[in-house]
Amino acid sequence: MGTAVHAGTVAAADALTAEGQIVRIRPVTAADAAGLEALYHGGSVDSLRMRFFVVPGDATLKAEIDRLCRPPSGTHGSLVALSDGAIVGVASWERGDPDTDTADFAVFVGERSQGEGIGTLLLEHLCAWARTCGVTRLVGQTLAGNVAMRRVTRGLDSDAEIGTVDEVVELSVPTTPGEASLLAMDVRDRSTQRASLGPLLAPRAVAVVGAGRRPGGVGHETLAALRDGGYTGDLYAVNPHAAKVAGVEAYRCLSDLPGPVDLVVVAVPADAVAAVVEQAADAGAGAVVVLSSGFGETGPAGQAMQSDLVRVARKHGIRLVGPNCLGVVNTDPEVALNASFAAVTPARGGLAVASQSGAVGIALLEHAARNGCGVSTFVSLGNKADVSGNDLIAYWYDDPATTAVALYLESFGNPRRFARTVRALARRKPVLAVKSGRSQSGRRAGASHTAAAASPDVSVDALFAQAGVIRVDHLGELIDAARMLTDQPLPGGDRLAIIGNAGGINVLAADAAESGQLTVPTLTPHVTAQLAACSPGATGHDNPLDLGAAADTATFAAAVEAVAGSGEVDALLLVVAATRANDVPGTLAALAAVLDRHHGLPAAVVVLGMSAPPTTLGARHAPVFDLPEQAVTALGHAARYAAWRREPLGHQPALAGVDPRAARKLVESALHTGDGWQAYDVIAAVLACYGIGLLTTAVALDADAAVSAARAAGYPVALKSADPRLVHKSDVGGVRLHLRDDAQVRKAFAPVASAGDPSCGVLVQPMAPGDVELTAGIVHDPLFGSLVMFGHGGVHTDVLADRSFRLVPLTDRDTARMWQGLRSAPLLTGYRGAPPVDTGSVEDLIARIGRLAQDLPEIAELDLNPVLAGPDGVLAVDAKMRLATVGAEPDPSLRQLRSPD
C-alpha cells in the first residue's frame, strides 16, 4: 500500500527523481538542524538570493532552520528530501490563522540536486499534507529570475502565477490537483519510472548470485536461461566454490567482478538476501530480482524481514522485484534478457505480462507460446514488495515493443492511482486483466442498500470499466483476447461477418456473437449478388454464409474477398472445416492472401479437423482458434475495447451551488459526537451544500406534532420512521403513504414510530410527484475510495438488481453511462408513451453525489431511495447517511513508491 497522508500528519515516503533515482521525503525533525545548515551553507549566493530575496546572514539562516524544525501542527509543516542519507531539499507551509484556507509555502533545493525534479516532488507532497489540514491553496512569492521555482509551480498548476510587481512574482497553487495537473503529474511519473526500471529490463550487465554448480537449482537454471537466451550484455555467476557455472565465468563475490552490473539476480537463502543487496549497491546495481522465498508469504516474521529488505534497497536507490518471484524477461533482441527459471522461453511479440503469481505466470507463458502469442516483457512480481503493477504500467506506456498488456493481480496497493495510470495506458494500448477473487467477493457489511449491493468485486469491475481494462474470467480467455489485440487492427464497430464451410459451426458462432454484444448484420443485395455469383453452391448468400462442405479454395477466397471489400462489416470470422474432399492447406493459403490485402479489417479464423493447424494466418498474423466461441469472445473484447477508446474521456463537470467548506464543517461537527447514522436534519443540511434536492420533511415526536406538520405540508402526506438505522422501513411497518386527513395521521403515528426506535419519532412528508423511482448512494472503501451507485429504485427493489457503479472522481461520461447502462433505462426515455424523464437532471444528480463522495470520504454510506424522476427533474424522497472517521488511505495524487511496511 502506498504511504498515506491523513489527519494533519504525513508519513515518510520514497519517490523517484527525474533521473529515476530514489529520494526519501519525510517530515523535518529537530535532529535535522545540522543537515539543514549544511544544505543552506552549500548553496550558492545566487540560489540563496532566489530563496530569501537577499543573501541571508547566519542569524537569518538560524531563524529559518529553527522555524523548519518546529514540531508539525495544524498551522505548520516542513518536509525534507534525502538522497544517500543527506538532505538535498526542504519545503514548508505556514498559516497564521488556523481558520484560513490558505498558507504560505517555500521550497529550497541544494545546488547539486537542482534540475532533478526534487522541488516538484517536495511541493506535491507538501500540497497533500496541507490539504489534510484544510488548506486549499499554497501562496508565495519568488523573484522573476527564479526560473526553476516558476517552472516547478507551473508544473503543478499552469495558472500558478497570478501577478508580478517590481520583479516579484505572486504564486498560488491549489493543494488539490485538477485534471490538467494530474495529467502533467502522470507524464512526470512515466518518465521517472522508465528511467528507474531501465537497469531491470534493459541491463548492460547481469550477475546471478547463488548460481549453484548442479542443474536443477533456481540460481543455476536462471543463469542457464540467460546464457541460452543469448543475453547481449556481460553475464557473471557468483559462487565462491566454482570457477564456472553453466559455462559462465564465476566469481567469489560481487566485489570481485571485473566491472559494474546493472541487475543482480538473487537466489540465496532468505536470511542472506539483505547482505547481497548491500553488496549489489557497491557493485553499482540499479535493480535486483529476488527469486528467494521465505519472506512476506510465510507470516509476520517473514514480512518483517521483507520490509527490512526493501529499506536496504531503498537506502541504496535500488529497485527490487519480488521476493519469491519467477524472474523477468525482455525479448528485445538488443537485450535478450531471460532472467527467469520458467521452463518456457517466450517468443518475441507485443504482449507485456505482469503476474503476481509465479504459477499463473508460467501458465500464461506456456499458453502464449502454444498459441503463437509473442511476448515483449514478462515480470513476475512475487510478493510485490517494491516494483508493482503501477510501476510497470507507467513503464509500458512508452515502450515501443509493447502493443498490449496482460495483468494477473491478486491485490491493489493503490487502486485509485492504478485507475488513473491504467486508463492513460488503455487509451493507447489494450490492457487485459484477470483479477482473482470473484468467488470470494461477498457483499459488504452495511445497513444500506448501497453497501449491501457493492461487493468488493463490484469495486474492481467499476475500476476496470472506467479505466478501459478488459477483464476476463480465465487465463485462456486472456490469451485469446491478447492474440486478437496485439497484432490485429481494432474493429470500427460491432458488425461481424461469419463465412465458413460448416453451417452448424456458423450458427454456433452467430449465437456466441449475440451474447458477446456483436451483431451479425444482413448484407445488402449488391453483396449478396456478388456472393451468389462466386459461390453458387452456398446455402443462401447472406450472413452467416455457409459455403457448403464441398466449397473449393477459389470459392472460399472469392466469397471472403467480396465481403471484406464491401465496407458492410467491421470484422471477419472465417470457419474452415477439414474434410476428405477439400484442400485445407490450399484454402488457408488463399485466405491468408485475401486477409493480407484487407489488413485494416480485423479477422479471426477457426480451423476444425486439422491435426496441426497453424496458430496464425498470413503476414498480418490473423489468429487461428480451435473453437468458434473462443474466436467470437476475443472479437467481442476487441470491439468493446475499440468502442471505449473511441469515446471521449470526459471531464469532471462544473457544478454550481456547491459549498464544500460548509459541508465539511457539518460533517466534522457531527463526527465530534461519534461515528454512526445521522439524524435527518444533518443529512438534509449536508445534501443542501451540494445542491441535492431532498423532499421537504418535518420530524415529529408525537401525534400532535405529526398532525401539525401534515397540515403545513398539505394533504396527502407520508409518515416514515425517523430512526436513522432502519433500512427496510416498509417491510417492518415503518412507512404509511397517502394519508389524507388528521385522523389517518394520528392512527398511523404510533405503529410507524414503533417500527424503529420510538424516541426518534416520525418523518412527515408531502406525497411527492414523479413517474420513475430511482435510487442513488455512496459507499466508501478505504482502498478503492468512494463508490457511487445509481439504479432503478423503490421499496420492493432487490438490492442486487438493476444497479450501476462508478468510482470517484466521476466525469460527465460516467454520469451518462450510469443511467444509460441500466436495464431499466427505457423507463427514463419515454417507455410506452410515458413522458420522458429529464435525464439532464438525472446526470446532474449523479455528478453532485460524486462530488459529495469525492470531497467527503467520511460519508461511509449514503442511500437516497427512492429518488423520484419526471419531466420536471428529480427529487430525493428519503435519505440515510452514516459517517465514519477516515484513517490512513492511499493518496492517488502522490508520486511515491510502495511503502516497505
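Above this text you will find the structure in question.
Not measured: the values here are computed from a predicted model.

> Let's hear about the overall build of the protein: which residues, and what values?
What the protein contains, in helices and strands, is 26 helices and 41 strands. Relative to the 2.2 N^0.38 estimate, which gives 29 Å for 901 residues, the radius of gyration of the protein is 32 Å and therefore close to what a compact globule would have. Reported as C-alpha extents along the three principal axes, the dimensions of the protein are approximately 90 × 85 × 55 Å. Taking all 901 residues of the protein together, the buried fraction comes to 56%. The averaged location of the 95 negative side-chain charges in the protein is 1 Å from the averaged location of its 73 positive side-chain charges.

> Go over the sheet that holds strand β13 (residues 244-245) with me, naming the residues and quoting the values.
Here seven strands make up an open sheet; going across it, the order is β13-β14-β12-β11-β15-β16-β17 and the pairing mixed. Every interior strand has two partners, whereas the edge strands, β13 and β17 (319-321), have only one. Each of β15 (263-266), β16 (287-290) and β17 is contacted by helix α6 (residues 179-201), which is oriented at about 60° to β17, the strand it contacts most.

> Provide a residue-level description of the environment of G540, including the pertinent values.
Positionally, G540 belongs in the loop between α17 (525-534) and β26 (545-546). By relative accessible area, G540 is classed as partly exposed at 41%. When the C-alpha atoms of G540 and T528 are compared, they prove to be 8.8 Å apart, with twelve residues separating the residues in sequence.

> Would you mind going over the pattern of salt bridges in detail, with residue names and values included?
Using the criterion set out here, one finds 48 salt bridges in the structure. When salt bridges with common partners are traced through the structure, they connect D14, R24, R314, R319, D386 and D391 into a single cluster.

> Explain the nonpolar core residue by residue, including any values.
Membership of the largest hydrophobic core comes to 113 residues, with the highest contact counts inside it found for L407 and L573. Considering each element in turn, this core owes the most residues, eight residues, to helix α20 (residues 628-646). Among all residues touching L573, those that are not within four sequence positions of it are L496, A497, I498, I499, A509, A604, V606, A631, V632 and L635.

> Quick one: what's the story with the pairing of strand β5 (residues 76-83), residue by residue and with numbers?
In terms of residue burial, β5 counts as a mostly covered element, since seven of its eight residues are buried. The sheet contact formed by strand β4 (residues 22-27) and β5 spans four bridges and is antiparallel. When the sheet's bridge partners are listed, R26 is paired in β5 with V80. Of the strand pairs in this sheet, β5 and strand β6 (residues 86-94) are connected by eight bridges, and their pairing is antiparallel. Bridge pairing in β6 places V80 opposite V90. Connecting β5 to the antiparallel partner β6 that follows it, the hairpin turn spans two residues, and D84 within it adopts a positive phi of roughly 55°.

> Can you tell me about the sheet that holds strand β20 (residues 348-355), naming the residues and giving the values?
A sheet is described by the order of its strands in space; here seven strands give the open sequence β19-β18-β21-β20-β22-β23-β24, paired in mixed fashion. Single-partner strands in this sheet number two, and they are β19 (337-340) and β24 (470-471). Bridge analysis of strand β18 (residues 327-330) against β19 gives four bridges, and the strand direction is antiparallel. Among the inter-strand pairings, V328 is bridged to a residue of β19, identified as A339.

> Report on helix α11 (residues 389-396), specifying residues and quantitative values.
Counting buried residues along α11, eight of its eight residues qualify, which places the element largely inside the surrounding structure. Among the residues making up α11, those that are buried are G389, N390, D391, L392, I393, A394, Y395 and W396. Buried positions along α11 lie against α6, β17, β20, β21 (375-380), β22 (404-409) and α12 (415-426).

> Before we move on, can you summarise the state of the cysteines with the specific residues and values?
By the definition in use, this model includes zero disulfides. A disulfide-free cysteine, C69 has its sulfur positioned 18 Å from the sulfur of C133, the nearest such atom. You can call C69 buried: its relative accessible area is 16%.

> How would you explain the packing of aromatic side chains if you had to name every residue and give the values?
Tallied over the full model, the rule gives six aromatic pairs. With centroids separated by 6.3 Å and ring planes inclined at 25°, the aromatic side chains of Y641 and W644 adopt a geometry described as stacked. One end of the pair is Y641 and the other is W644, both in helix α20 and three residues apart, which spans about a single turn. Across the ring face of Y397, the terminal group of R190 is positioned such that the distance to the ring centre comes to 3.7 Å. Over the ring of W644 we find R427; its NZ or CZ atom is 4.7 Å from the centre of that ring.

Parameters at a glance
Counting restarts for each chain, with residues numbered from 1 along the sequence as it is written. Given that this is a predicted model, residues contribute local features only at a pLDDT of at least 70 and side-chain atom pairs are listed and counted only at 80 or more, while totals for whole chains, interfaces and linings are drawn from all residues. No hydrogens and no water enter the side-chain calculation; it runs on all heavy atoms of the structure. Labels follow the DSSP assignment, with helices taken as runs of H or I lasting at least four residues and strands as runs of E lasting at least two, numbered in each case from the N terminus. Every radius of gyration here is taken over C-alpha atoms, with the globule rule written as 2.2 Å times N^0.38, N being the number of residues. When a residue's accessible area, from a 1.4 Å probe over protein chains only, is under 20% of the maximum for its type it is buried; when over 50% it is exposed; and in between it is partly exposed. A positive count includes Lys and Arg, and a negative count includes Asp and Glu. His and the chain ends are not counted in either. Positions of charges follow a simple convention, taking NZ of Lys, CZ of Arg, CG of Asp or CD of Glu. Following DSSP output, two strands are said to pair if at least two bridges run between them. By definition in these notes, contact holds between two residues if any of their heavy atoms fall within 4.5 Å. Convention adopted: a line fitted to C-alpha atoms gives each axis, helices being fitted over their contacting stretch, and angles between N-to-C directions are expressed from 0 to 180 degrees. Salt bridge criterion: a side-chain nitrogen from Lys or Arg within 4 Å of a carboxyl oxygen from Asp or Glu. Among buried residues, the Ala, Val, Leu, Ile, Met, Phe, Trp, Tyr and Cys ones that are joined through side-chain atoms within 4.5 Å form a nonpolar core. Two cysteine sulfurs form a disulfide in these notes if their separation is within 2.5 Å. Side-chain rings of Phe, Tyr and Trp, where Trp is taken by its six-membered ring, are said to pair if the distance between their centres is within 6.5 Å; with planes under 30 degrees apart they count as stacked, over 60 as edge-to-face, and otherwise as tilted. A ring is considered to have a charge above it if a Lys NZ or an Arg CZ atom is located within 6 Å of its centre and within 35 degrees of its normal.

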